[in-house]
Amino acid sequence: MPAPYNLARFDFVSVRLAVACAQTGSLTAAARDCNIVLAAASRRIRELESALGDTLFERHSRGLVPTPAGRAFVRHGLVLLREMDDLVAELADIRQGVARHIRLCASTAAINQFLPPLLARYAQRHADVRVDVEEQVSELVVVALREGRADIGAFVAGPYTRDLQVTGFRTDELVLVLPQRHPLAGRAPIAFVETLDEQWISLTSGAALLQQQHQAALAAGRKLRLRMQVRSFDAVGHMVASGLGIAVLPKLACLPIIRAMKLAWRPLSDAWARRQLQVAIRADADAAIVALRDFLCAPSQNAKTASSRRK
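Residues numbered from 1 in each chain as written. Predicted model: local features only at pLDDT ≥ 70, side-chain atom pairs only at ≥ 80, totals over all residues. Heavy atoms only, no water.

A. Looking closely at the layout of surface pockets. What the largest pocket holds in volume is close to 380 Å³. Looking at the largest pocket, it is lined by 17 residues, and the ones nearest its centre are R82, D86, R103, D132 and R149. If one sorts the elements of the lining of the largest pocket by residue count, helix α4 (residues 68-95) sits on top with six residues. Taken together, the residues of the lining of the largest pocket break down into six nonpolar, one polar and 10 charged. (1 Å grid on protein atoms, 1.4 Å probe; cavity = no way out; pocket = protein on both sides within 12 Å on 5 of 7 lines; lining within 4 Å. Points joined across faces, edges and corners; volume = space filled by probe spheres on them. Helix = DSSP H or I, 4+ residues; strand = E, 2+ residues; numbered from the N terminus. Nonpolar A, V, L, I, M, F, W, Y, C, P; charged D, E, K, R; others polar.)

B. Region of the structure containing the nonpolar core. If you look at the biggest cluster of nonpolar residues, it comprises 35 residues, and the most contacted ones within it are L176, V177, F192, W200, V236 and V248. Among the elements of the structure, β6 (165-179), β7 (200-203), α8 (208-219), α9 (233-241), β9 (247-250) and α10 (251-261) are those that each provide at least two residues to this core. If sequence neighbours within four positions are ignored, V248 has contacts with L174, V175, L176, F192, W200, L209, Q213 and L268. By size, the runner-up hydrophobic cluster in this structure holds 26 residues, among which are A106, F114, L115 and L292. (Core = buried A, V, L, I, M, F, W, Y, C linked by side-chain atoms within 4.5 Å. Buried < 20%, exposed > 50% of the residue type's maximum accessible area, 1.4 Å probe, protein only. Contact = heavy atoms within 4.5 Å.)

C. Fine view of the packing of helix α6 (residues 115-125) against helix α11 (residues 287-297). α11 packs onto α6 with a crossing angle of 130° between their chain directions and a minimal axis gap of 10 Å. One element, α6, and the other, α11, form an angle in the oblique class. Seen from above, α6 lies across α11 with right-handed handedness. Seen from α6, the contacting residues are L115, L118, L119, R121, Y122 and R125; seen from α11, they are A288, L292, F295 and L296. Within the contact of α6 with α11, the residues separate by chemical class into eight nonpolar, no polar and two charged. (Axes fitted to C-alpha atoms, helices over the stretch in contact; angles between N-to-C directions. Parallel < 35°, antiparallel > 145°, perpendicular 65-115°, else oblique. Left-handed = near helix turned anticlockwise from the far one by under 90°.)

D. Structural detail: the pattern of salt bridges. Summed over the entire model, instances satisfying the criterion amount to 14 salt bridges. The partner of E83 in a salt bridge is R103, and the shortest N-O contact between them spans 3.6 Å. Linking E83 in helix α4 with R103 in strand β3 (residues 100-106), this pair joins segments that are 20 residues apart in sequence. The exposure class assigned to E83 is partly exposed, which follows from its relative accessible area of 37%. R222 serves as the salt-bridge partner of D197, at 2.6 Å between the closest nitrogen and oxygen. Taken together, the residues D197 in the loop between β6 and β7 and R222 in the loop between α8 and β8 (226-230) connect sequence positions 25 residues apart. A relative accessible area of 34% means that R222 is categorised as partly exposed. Here the salt bridges do not stand alone but share partners, grouping E83, R103 and D151 into one network. (Salt bridge = Lys/Arg side-chain N within 4 Å of Asp/Glu carboxyl O.)

E. Structural context of the side chain of R293. If you trace the backbone, R293 turns up in helix α11. Take R293: its relative accessible area is 12%, and that puts it in the buried class. Of the polar contacts made by the side chain of R293, one reaches the side chain of D294; its length is 2.7 Å. Apart from residues lying up to four places away in sequence, R293 is in contact with I152, Q165, T167, V279 and I281. (Polar contact = N/O pair within 3.5 Å; in protein donor to acceptor, adjacent residues only side chain to side chain.)

F. Seen up close, the packing of aromatic side chains. Across all of its chains, the model carries four aromatic pairs by this definition. Considering the side-chain rings of F192 and W200, the 5.3 Å spacing of their centres and the 45° angle between planes classify their relative orientation as tilted. There is no split in this pair, since F192 and W200 are both buried. Seen from their ring centres, F192 and W272 are 5.2 Å apart, and the 85° between their planes marks the pair as edge-to-face. Residue F192 is found in the loop between β6 and β7, and its partner W272 is found in the loop between β10 (263-267) and β11 (274-281); the two are separated by 80 residues along the sequence. The class for W272 is partly exposed, based on a relative accessible area of 22%. Through a chain of ring-to-ring contacts, the aromatic side chains of F192, W200 and W272 assemble into a single cluster. (Phe/Tyr/Trp six-rings, centres within 6.5 Å; stacked < 30°, edge-to-face > 60°.)

G. Representation of the packing of helix α1 (residues 12-24) against α4 within the structure. Here α1 crosses α4 at 130°, and the two axes come no closer than 9 Å. By the criterion of interaxial angle, the relationship of α1 to α4 is oblique. Like other packed secondary-structure pairs, α1 and α4 cross with a definite hand, here left-handed. Of α4, the residues touching α1 (which contributes F12, V15, R16, A18, V19, A22 and Q23) are F73, V74, G77, L78, L80, L81, M84 and D85. Broken down by class, the residue content of the contact of α1 with α4 amounts to 11 nonpolar, two polar and two charged.

H. Molecular detail of unusual backbone geometry. The phi torsion at N35 lies on the positive side, around 60°, for a residue other than glycine. Positionally, N35 belongs in the loop between α2 (27-33) and α3 (38-52). With a phi close to 55°, K262 is a non-glycine residue in the positive phi region. The residue K262 is located in the loop between α10 and β10 in this model.

I. Spatial organisation of the pairing of β10. Most of β10 is tucked away, with four of its five residues classed as buried. Bridge count for β6 against β10 is five bridges, and the pairing is antiparallel. Bridge assignment links V175 to a residue of β10, and that residue is P267. (Pairing = 2+ DSSP bridges.)

Have a look at this one:
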């Protein structure tokens, strides 16, 4: 079926220009960012709208505002530009002997606790394969995998994965992190419900850790008193060390932070504090992606990872 628009007038320079217009709200700024003179930039936007048969921007005295069609174009245009950038990078790697790129999207828990030594060993065995890693919260890992922006995902169990091929990866344990002289400091396991009067520091929305805390509070008929949300385990540690609240973090990832910042930790007695991490691929994954999945999830690699953590 022929395309309903003229492909000859649909080029990546114009796509990049339209995206820049949406990001800056200014044709002048977008033209400058794309190294195009203003008159040529204006002509390109008009020709692009004519080729698509739709208006992408509303023109105002204060700048450009994307229309619904413009917002859709920018969303897909960003994907096109990212794919083109990836293509250029992959072609450059091929010239240097890299035969394959695999995009791995992983949660903070997977990256901070398990993936670095595994990926280092994989790189030693497969010098012709480059694994590009992107960090996201668990829900967005699964979204990236489902939408084809990642080839393989590693995340905390919880997101909907029925349409994906899922394999158990590792388990971790969540612990309470707090200042050393905090009234809740101690060695015996404590129930999460006993901590709900405290101010909490947690990760950004979409993180499996934050969702588990909210669900546990809701099950107890309480509300999580969330004071601050940050993007990394280190940032959580700094907030706790400053006395701004307490936190729950994966034990293996936070022990170095606890030692460095002179914090205290305490086990949680709740069953949900023992978590399953998973690795998933799509059903159409090729042999190289399947091989990486099998490598990451192999019991022998699990033993080596545990050994390296004890050293």
